[in-house]
Amino acid sequence: KGKAKRIILISDSHISRNQIFNYKMFKKAINEIQGIKNVDYIIHLGDLTHSGTYLEYKYALDCIKPINGEKFYIIPGNHDAKNVGYLLFEEMFGSRGFEFEDESLFILGFDSSIPDLNSGRIGKRSIEKLKRIFLDINDKTKIFCFHHQLLPIPLTGRERSTIIDSGDVLEMILDSNIDIIVNGHRHITNCYSCTNGLNEFVIFNSGNLSCNKTRYKELFSYSIMDVFEKSVNFRTKKLMDDEIIERGRYINRVFNVKSPKSDKKLIFKAVNISNTHFSKNFYNEDIYNKAVEQINEMDLDIVIHTGDVTNNNMIYEYDLAIEKLKLIKKDKIIIPGGHDLVNIGWDLFPKKIGSLEPYFENDKVRIIGINSLDYSIIDGIVGRRRTSEIVEFLKNEPNQKINIILLYHNLIPHPRTRNINMLSDSGNVLKFFTEPENKIHFVLTGYDHISFTLQVEDTILTSSGTVSSTEYLDLKGNTYNVICCYDNGFVEVDEVIINSNKRRRIGEYWINLHK
């Protein structure tokens, strides 16, 4: 409802004199964009050129002349920064970023490129500066534009060339109450709604305007973004067949979540631990014993271990693991991590601990453990067949139970980590596991040694910190997570600091229990 601000989003034109550039599609898009009514702004999200050379920039300026007016804004992509192209970009457009506002919008564009690399970076100092800028803006819809993808994108192959500090960027976005993120880079459109229960934002990835490196059947496209006070609509026009893809999301919602403990029933409670690293040198026994004492005092349905039981998959480490895990007097489900499955670990884990892909079910919950390790793939993989099997299994099961997936590798980036070892097929897996019709309520992971949680669409993604490893990433020290689900779909996720036994709320959500 109400009058929308209309923004045309284009990306990845890859203008060049060689065959990578599809001039026919580019020209069609420009002609159509010129005919769209009530356009407030046109934003190019990067990769204007293919190689960042002077001749390409001159050709590109000539090509975009019909739309390169006072409404046009642009940021560079990784291809524009090649061959010292970032200097040419500055000379021809004045700046590698932009910042402007009107009566209802504040829009900031930032250069995420690293010269001559396909991956991107925002940088610690820039993140702190951006946070201050966005926090100073009140009562306006805040839009943040940069070229590289923030979250993995489906139908784009192996996850790569992302923002290496995207976990810190994600944290800044949540802390700064940014409403809309728009990216390019991956040559196909996608849209996610994300929240930590207090703040929410929408991520939209713009498609490929005119590069002949196309993705699946979308091929060439541009998008119209209509921003209303409480919602945003994305209308993607596919240039080859003129098909329209409509996506809509809510924005600017106020969350006033109150715990329903007083009048609602707790139906499921679990502890999620990770990174025990049982060993001689990387395992803190005193901290582990404290954690066990705390856990045993709780009324729990299950304790979930999301990987790295041992440190170096040695026989004595597995024997130590068996001894110490027995101290937890609760039902347990344990998946292997990268430290567990090296060399003989592939034989030791199933012999000493249990199945590489364990399964747990009772009257409240189904928990599916996935072994994302593989002999041949360093970064981990779920695989097309396994992903489809899980989705089909859950679709055919009754709806009233909570469905939880366990993974060692991460599907989304986390703060304080470098986003370089994401699950290799995380784009497709994230899409499948967050589609509402697939009925997955939680994805729990380990690996990164830090607690973090985010709801993507209807699925809660939660990473556990390190319970007893000496390699923790936060001054709070060793931690684990407690997850509570209530009968009306309310969810609490707490991080427990083991030394002090104090809790910190890291997420409050609502899930659909399909009743």
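Residues numbered from 1 in each chain as written. Predicted model: local features only at pLDDT ≥ 70, side-chain atom pairs only at ≥ 80, totals over all residues. Heavy atoms only, no water.

Novice: How should I be thinking about the domain arrangement of the chain in this particular structure?
Specialist: How big an interface is tends to be reported as the loss of accessible area on association of its parts. Here the chain is partitioned into domain 1 (5-250) and domain 2 (266-510). A C-alpha centroid distance of 34 Å is found between domain 1 and domain 2. Taken together, the contacts link 28 residues of domain 1 with 29 residues of domain 2. Buried area between domain 1 and domain 2, summed over both chains or domains, comes out near 2,000 Å², and the portion from carbon and sulfur atoms is 57%. Looking only at domain 1, the three residues that lose the most surface to domain 2 are Pro-152, Ile-164 and Tyr-192, adding up to 25% of its buried area. (Domains from an automatic or database assignment. Contact = heavy atoms within 4.5 Å. Buried area = accessible area lost by both parts, 1.4 Å probe.)

Novice: What exactly am I supposed to notice about the pairing of strand β5 (residues 105-109) here?
Specialist: On a regular strand, one side chain projects to one face of the sheet and the next to the other, so that they alternate. Within β5, five of the five residues are buried, which leaves it mostly tucked inside the rest of the structure. Neither face of β5 is exposed, since Leu-105, Ile-107 and Gly-109 on one face and Phe-106 and Leu-108 on the opposite face are all buried. Bridge analysis of strand β4 (residues 98-101) against β5 gives four bridges, and the strand direction is antiparallel. Its bridge partner lying in β5, Glu-101 is registered against Phe-106. Here β4 folds back onto β5, and the loop between the two strands holds three residues. By the bridge criterion, five bridges tie β5 to strand β6 (residues 141-145) in an arrangement that is parallel. Looking at the pairing, Gly-109 lines up with Cys-145 of β6. (Buried < 20%, exposed > 50% of the residue type's maximum accessible area, 1.4 Å probe, protein only. Helix = DSSP H or I, 4+ residues; strand = E, 2+ residues; numbered from the N terminus. Pairing = 2+ DSSP bridges.)

Novice: Would you mind going over the packing of helix α4 (residues 124-135) against helix α5 (residues 166-175) with me for this structure?
Specialist: In a pair of packed helices, the angle between the axes and the distance between the axes together describe the arrangement. Between α4 and α5, the shortest axis-to-axis distance is 9 Å and the interhelical angle comes to 15 degrees. Classified by the angle between their axes, α4 and α5 sit roughly parallel to one another. In this structure, α4 meets α5 at a crossing whose hand is right-handed. When α4 is examined against α5, the residues Ile-127, Leu-130, Lys-131 and Leu-135 are found in contact with a partner set consisting of Asp-168, Val-169, Met-172 and Asp-175. Grouping the amino acids of the contact of α4 with α5 by side-chain chemistry returns five nonpolar, no polar and three charged. (Axes fitted to C-alpha atoms, helices over the stretch in contact; angles between N-to-C directions. Parallel < 35°, antiparallel > 145°, perpendicular 65-115°, else oblique. Left-handed = near helix turned anticlockwise from the far one by under 90°. Nonpolar A, V, L, I, M, F, W, Y, C, P; charged D, E, K, R; others polar.)

Novice: Mind showing me how you'd approach helix α9 (residues 384-395) here?
Specialist: An α-helical turn contains 3.6 residues, so a residue and the one three or four places further along point in the same direction. A rise of 1.5 Å per residue sets the reference length of α9, with its twelve residues, at 16 Å; its end C-alpha atoms lie 17 Å apart and thus fit the reference within 8%. For α9, the elements touching its buried residues are β17 (365-369), β18 (402-406) and α10 (426-434). (Expected span 1.5 Å × (residues − 1).)

Novice: Which parts of the structure should I look at to understand the pattern of salt bridges?
Specialist: Where charged atoms from two side chains of opposite charge approach closely, those side chains can pair. Evaluation of the coordinates by the stated rule reveals 32 salt bridges. As a salt-bridge pair, Asp-102 and Lys-5 come within 3.4 Å of each other at their nearest N and O atoms. Highlighted residues: Asp-102 in the loop between β4 and β5 and Lys-5 in strand β1 (residues 5-10), separated in sequence by 97 residues. With respect to burial, Asp-102 and Lys-5 carry one shared label: buried. A salt bridge links Glu-357 to Arg-386, with the shortest nitrogen-to-oxygen separation between them at 3.1 Å. Placement of the pair is Glu-357 in the loop between α8 (345-352) and β16 (359-361) and Arg-386 in helix α9, with a sequence separation of 29 residues. Several salt bridges share partner residues, and in doing so they unite Arg-416, Asp-474, Lys-476, Glu-495 and Arg-504 into one network. (Salt bridge = Lys/Arg side-chain N within 4 Å of Asp/Glu carboxyl O.)

Novice: Any chance you could explain the side chain of Asn-403 here in plain terms?
Specialist: With respect to the helices and strands, the residue Asn-403 is situated in strand β18. Judged by its relative accessible area of 3%, Asn-403 falls in the buried class. A distance of 2.8 Å separates the side chain of Asn-403 from the side chain of Arg-366, its partner in a polar contact. (Polar contact = N/O pair within 3.5 Å; in protein donor to acceptor, adjacent residues only side chain to side chain.)

Novice: What is the right way to look at the sheet that holds β1 in this model?
Specialist: By way of backbone hydrogen bonds, the strands of a sheet pair with one another, either parallel or antiparallel. Overall, mixed pairing links the six strands, which are arranged β3-β2-β1-β10-β11-β12 in an open sheet. Both outer strands of the open sheet, β3 (72-74) and β12 (244-250), are each paired with one neighbouring strand and no more. Pairwise comparison of adjacent strand axes, ignoring direction, gives a mean angle of 20 degrees for this sheet. The sheet contact formed by strand β11 (residues 231-238) and β12 spans seven bridges and is antiparallel. Considered in β12, the bridge of Asn-233 is made with Gly-248. Here helix α1 (residues 23-34) sits on the sheet in contact with β1, β2 (41-44), β10 (221-227) and β11, set at roughly 25 degrees to β10.

Novice: What is the right way to look at the state of the cysteines in this model?
Specialist: Note on terminology: disulfide describes a covalent bond linking the sulfur atoms of two cysteines. Taken as a whole and judged by the stated rule, the model has zero disulfides. We note that Cys-63 lacks a disulfide partner, and the nearest cysteine sulfur, in Cys-211, lies 14 Å from it. With no disulfide of its own, Cys-485 lies 7.6 Å from the sulfur of Cys-484, the closest cysteine sulfur. Residue Cys-485 is classed as buried on the basis of its relative accessible area, which comes to 1%. (Disulfide = S-S within 2.5 Å.)

Novice: How should the sheet that holds strand β9 (residues 200-205) be read in this particular structure?
Specialist: Here twelve strands make up an open sheet; going across it, the order is β4-β5-β6-β7-β9-β8-β20-β21-β19-β18-β17-β16 and the pairing mixed. Edge strands, defined here as strands with exactly one partner in the open sheet, are β4 and β16. Neighbour-to-neighbour, the strand axes of the sheet open up by a mean angle of 20 degrees, direction not taken into account. As paired strands, strand β20 (residues 452-456) and strand β21 (residues 459-463) are joined by five bridges and run antiparallel to one another. Its bridge partner being in β21, Phe-452 is matched across the sheet by Ser-463.

Novice: In this structure, what is going on with the nonpolar core? I would like to understand it.
Specialist: Nonpolar side chains in soluble globular proteins tend to end up buried together. The biggest cluster of nonpolar side chains holds 44 residues, and the ones touching the most others in it are Phe-144, Val-169 and Phe-201. When contributions to this core are tallied by element, the ones reaching two or more residues are β5, α4, α5, β8 (190-195), β9, α9, α10 and β20. Examining the composition of this core, we find that five residues originate from one element, α5, more than from any other. Each of domain 1 (5-250) and domain 2 (266-510) contributes no fewer than three residues to this core. The contacts of Val-169, once residues within four sequence positions are left out, are Ile-122, Ile-127, Phe-144, Phe-146, Leu-150 and Ile-163. (Core = buried A, V, L, I, M, F, W, Y, C linked by side-chain atoms within 4.5 Å.)

Novice: When you look at unusual backbone geometry in this model, what are you seeing that I'm missing?
Specialist: Residues other than glycine predominantly adopt negative phi, and peptide bonds predominantly adopt the trans conformation. Of note, Asp-47 is a non-glycine position whose phi angle comes to about 60 degrees, a positive value. Positionally, Asp-47 belongs in the loop between β2 and α2 (54-63). You will see that Asn-313, though not glycine, has its phi angle at about 45 degrees, which is positive. Tracing the backbone through its elements, the reader meets Asn-313 in the loop between β14 (302-306) and α7 (315-325).

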